[in-house]
Amino acid sequence: MTLTETAVDNVVQVTDLVKMYDELRAVDGISFSVKRGETFGLLGPNGAGKTTTMRMMAGLSPATSGSIFVAGLDVGRSGRDVRNEIGVVTQHDGLDNSLVVHRNLELHGYLAGLSYRDAIQRTKEVLGFFNLEGRANASIHALSGGMKRRLAIARAMMSSPQLLVMDEPTTGLDPQSRNRVWEQLGALKEAGVTIIMSTHYMIEAETLCDRLAIMDHGNILDIGEPGEVVQHHVGAEVAVLNLSENVTREERAVLRRRLDEEKRNYSEVGPRVLVTAPRDTKPDVSTLVGLAKMRVTYRPAHLEDVFLVLTGKELRDE
Ligand code: ATP
């Protein structure tokens, strides 16, 4: 077992990580660390490299170069020792439909190296923690999508890992089930588990993540607390220019030209133009209002706006 100095504070240390798929640099030399007990988010548009990063972290795919240490162990070299420190929840729950709920957990624990007795004991604990005791003997087919997701997370916790890696843990769930998963992830955090998760949901990132990395094209564009990242890139408030239905192409062109001349940060989303001002609390749009028929409103800035500014793309809609 190799222990590094970073193991004391950082459960995860990723350095210059690269993944090539032939000519494609799916992950392009990223570095970040995650502290013990932190929930860390990976956000990025489709194809940004989030899943590839997490697969390498989970030891499911070899890195082309760079290193990943989890709990002081080199993921590229430490085999089972490190795998037991990492619970993995992939986008597909991967539950065994031929086994009832408690057998799914016991088998996973047994394969992770627990004795049969310990696997049974641990199954009772995780079923209790995830409020699934009443479903212990249920068939997987009988579970709702939300329950399956909770069971997949419960299964990942069978080896009592220090780190839980989850790829889009609530994608496809209805809002109520999503809330239950969030509660459960909050409880895991309270219990001291370090979590890395990818998400397309801005509210999920803002609710759960202590810090997050915004990725695009295999690179990390920024890392920080959600509020910090928002303030840094888009300020406190966004001005929304709601263009009237009968605005002409010429008016739009004039407006766009002025926005460019004034070196404004702006994004066009259908009939709305969003104007942000990272260094100010509120963008002053007085020089723009006469250029086209519009109604100006202000709203608090959020991560979605950061996305538009950094990547030119929107996160997937709810
Ligand atoms: P999503 O949000 O859609 O899950 P992502 O950020 O997780 O996207 P990845 O799945 O990591 O992105 O993909 C990063 C890039 O690597 C994409 O261009 C993808 O097409 C490519 N890629 C991923 N897996 C493979 C593979 N096995 N072989 C070749 N290319 C791959």
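Look up: the structure comes first, before these words.
Residues numbered from 1 in each chain as written. Predicted model: local features only at pLDDT ≥ 70, side-chain atom pairs only at ≥ 80, totals over all residues. Heavy atoms only, no water.

Asker: Quick question: what am I supposed to make of the overall build of the chain here?
Answerer: Counting its regular elements, the chain contains 10 helices and 14 strands. For the chain, buried positions account for 50% of its 318 residues. Split by element, the accessible area of the chain, about 15,300 Å² in all, is 49% carbon and sulfur. (Helix = DSSP H or I, 4+ residues; strand = E, 2+ residues; numbered from the N terminus. Buried < 20%, exposed > 50% of the residue type's maximum accessible area, 1.4 Å probe, protein only. Areas by Shrake-Rupley, 256 points an atom, 1.4 Å probe, with all protein chains shown as cover.)

Asker: How should I be thinking about the sheet that holds strand 4 (residues 65-70) in this particular structure?
Answerer: The strands that make up a sheet are held in pairs by hydrogen bonds between backbone atoms, and each pair lies either parallel or antiparallel. Pairing is antiparallel across the open sheet formed by four strands, whose spatial order is 2-1-4-5. Two strands bound the open sheet, and with one partner strand each, they are strand 2 (24-35) and strand 5 (73-74). Where strand 4 meets strand 5, two bridges bridge the pair, whose relative direction is antiparallel. Looking across to strand 5, one finds that Phe69 is bridged to Asp74. The strands touched by helix 1 (residues 50-57) within the sheet are strand 1 (10-21), strand 2 and strand 4, with strand 1 carrying the most contacts at an inclination of about 120 degrees. (Pairing = 2+ DSSP bridges. Contact = heavy atoms within 4.5 Å. Axes fitted to C-alpha atoms, helices over the stretch in contact; angles between N-to-C directions.)

Asker: Can you walk me through the nonpolar core in this structure?
Answerer: If you look at soluble globular proteins, the nonpolar side chains tend to sit buried side by side. Counting residues in each nonpolar core, the largest one holds 49 residues, and the members touching the most others are Ile153, Leu164, Leu188 and Leu303. Counting residues per element, this core draws most heavily on helix 5 (residues 145-156), which supplies six residues. Setting aside anything within four residues of it in sequence, one finds Leu164 in contact with Gly87, Val89, Ile153, Ala156, Met157, Leu188, Val193, Thr194, Ile195 and Ile196. Core analysis: the next-biggest nonpolar cluster, separate from the first, contains 26 residues, Phe40, Ala48, Ile68 and Met215 among them. (Core = buried A, V, L, I, M, F, W, Y, C linked by side-chain atoms within 4.5 Å.)

Asker: Help me out: how do you make sense of the packing of aromatic side chains in this one?
Answerer: Each aromatic ring pair is specified by the distance between its two centres and by the angle formed by the two planes. What the rule picks out here adds up to three aromatic pairs. Its end group placed over the ring of Tyr201, Arg178 keeps NZ or CZ at 3.9 Å from the ring centre. In this arrangement the basic side chain of Lys282 is found over the ring face of Tyr298, its NZ or CZ atom lying 4.5 Å from the centre. (Phe/Tyr/Trp six-rings, centres within 6.5 Å; stacked < 30°, edge-to-face > 60°. Lys NZ or Arg CZ within 6 Å of the ring centre and 35° of its normal.)

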